[in-house]
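Each chain, written out:
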Amino acid sequence: MTNAAIAPRRADAQRNYAALQRAALEVFAERGIDAPLDEIAQRAGIGNATLYRHYPTRCDLVAAVYTEQMETYAEITRAAAAAEDPWAGVRDCLTQICEMQASNRGMADLLTSAQISDDRIEELRSASGRNLIRVIRRAQRAGSLRADFRPQDIVVIMMANAGVVRRTADYAPESSARLVSLILDGLAASAATDGPPPPKQSGIMAAVQKTL
């Protein structure tokens, strides 16, 4: 009798967990990682108390939903750092990262914000950062990437793309791809002109620490 009473609760918990995962991914993709948690609970068909029982904080929920996507992000940067053609590494890396942002507003936010504190997310973010440094240095040594490009410039590009995604995704979804194409033309060493210096790394890090 005891086992019969426990089994349904376990099954209910599993269903709630799966429903939460699906709803969170949908809502974050549509509205970003600062979307109301109440909306996620409502879409999952559960109460707020159940949501918080599974995920006590927003960070817990975001990490659960986006770890796989962050692993994809890390793999994109790893492949770019090993590309046979260094410029193709730059081009493919930026294009794919910005496509990830364009297809999912939560990912657009996550790649430009350090507000989500999770060990695995930070591990993947750090690995991706190291890969991006290699991507930049290889392309600069090959003479294909403008010499003044710095790692923090990639963050600026992702921030710009995240803004474009938020403003145009529902009305002009092709805007992100257009932005990336224009940016890549400006990054080629052959097209480089004198410009202002890149932003300081400390300033960019302060910006990503800022609450969305």
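Everything numeric in this text was worked out from a predicted model, so none of it was measured. Here the residue numbering is sequential within each chain, running from 1 through the sequence in written order. A pLDDT threshold of at least 70 governs which residues receive local features in this predicted model, and a stricter bar of 80 or more applies before side-chain atom pairs are shown or counted, although totals over entire chains, interfaces and linings include all residues. Each side-chain value is derived from all of the structure's non-hydrogen atoms; neither hydrogens nor water enter the calculation.

Some words on the nonpolar core
Within the largest apolar cluster, 52 residues are counted, with the highest numbers of intra-cluster contacts made by Phe-28, Ile-40 and Tyr-73. In this text, helices come from DSSP runs of H or I with a minimum length of four residues, and strands from runs of E with a minimum of two, each type numbered from the N-terminal end. Listed by contribution, the elements that provide at least two residues to this core are α1 (2–31), α2 (37–44), α4 (58–81), α5 (86–103), α6 (105–110), α7 (119–141), α8 (151–168) and α9 (175–187). At 11 residues, α4 tops the list of elements feeding residues into this core. Note on contacts: a residue pair qualifies if any of its non-hydrogen atoms lie within 4.5 Å across the two residues. Leaving out residues up to four positions away in the same chain, Ile-40 has contacts with Leu-20, Ala-23, Ala-24, Val-27, Phe-28, Leu-51 and Leu-61. As used here, the term nonpolar core means buried Ala, Val, Leu, Ile, Met, Phe, Trp, Tyr and Cys residues forming a set that is joined through side-chain atoms within 4.5 Å. Exposed residues in this analysis have more than 50% of their type's maximum accessible area, buried residues have under 20%, and partly exposed residues fall in between, with area computed by a 1.4 Å probe over protein chains only.

Digging into the pattern of salt bridges
Should the charged atoms of two oppositely charged side chains come close, the side chains can pair. What counts as a salt bridge is simple: a side-chain nitrogen of Lys or Arg found within 4 Å of a carboxyl oxygen of Asp or Glu. Summed over the entire model, instances satisfying the criterion amount to 13 salt bridges. The salt bridge involving Arg-166 is made with Asp-109; its shortest N-O contact spans 2.7 Å. Of the two residues, Arg-166 is situated in helix α8 and Asp-109 in helix α6; the sequence distance between them amounts to 57 residues. Note on Asp-109: relative accessible area 3%, which makes it buried. The partner of Arg-120 in a salt bridge is Glu-123, with the nearest N and O atoms 3.0 Å apart. Placement of the pair is Arg-120 and Glu-123 together in helix α7, with a separation of 3 residues, close to one helical turn. According to the relative accessible area criterion, Arg-120 is partly exposed, its value standing at 32%. Salt bridges sharing partners connect three or more residues here, namely Glu-26, Glu-30, Arg-31, Glu-39 and Arg-43.

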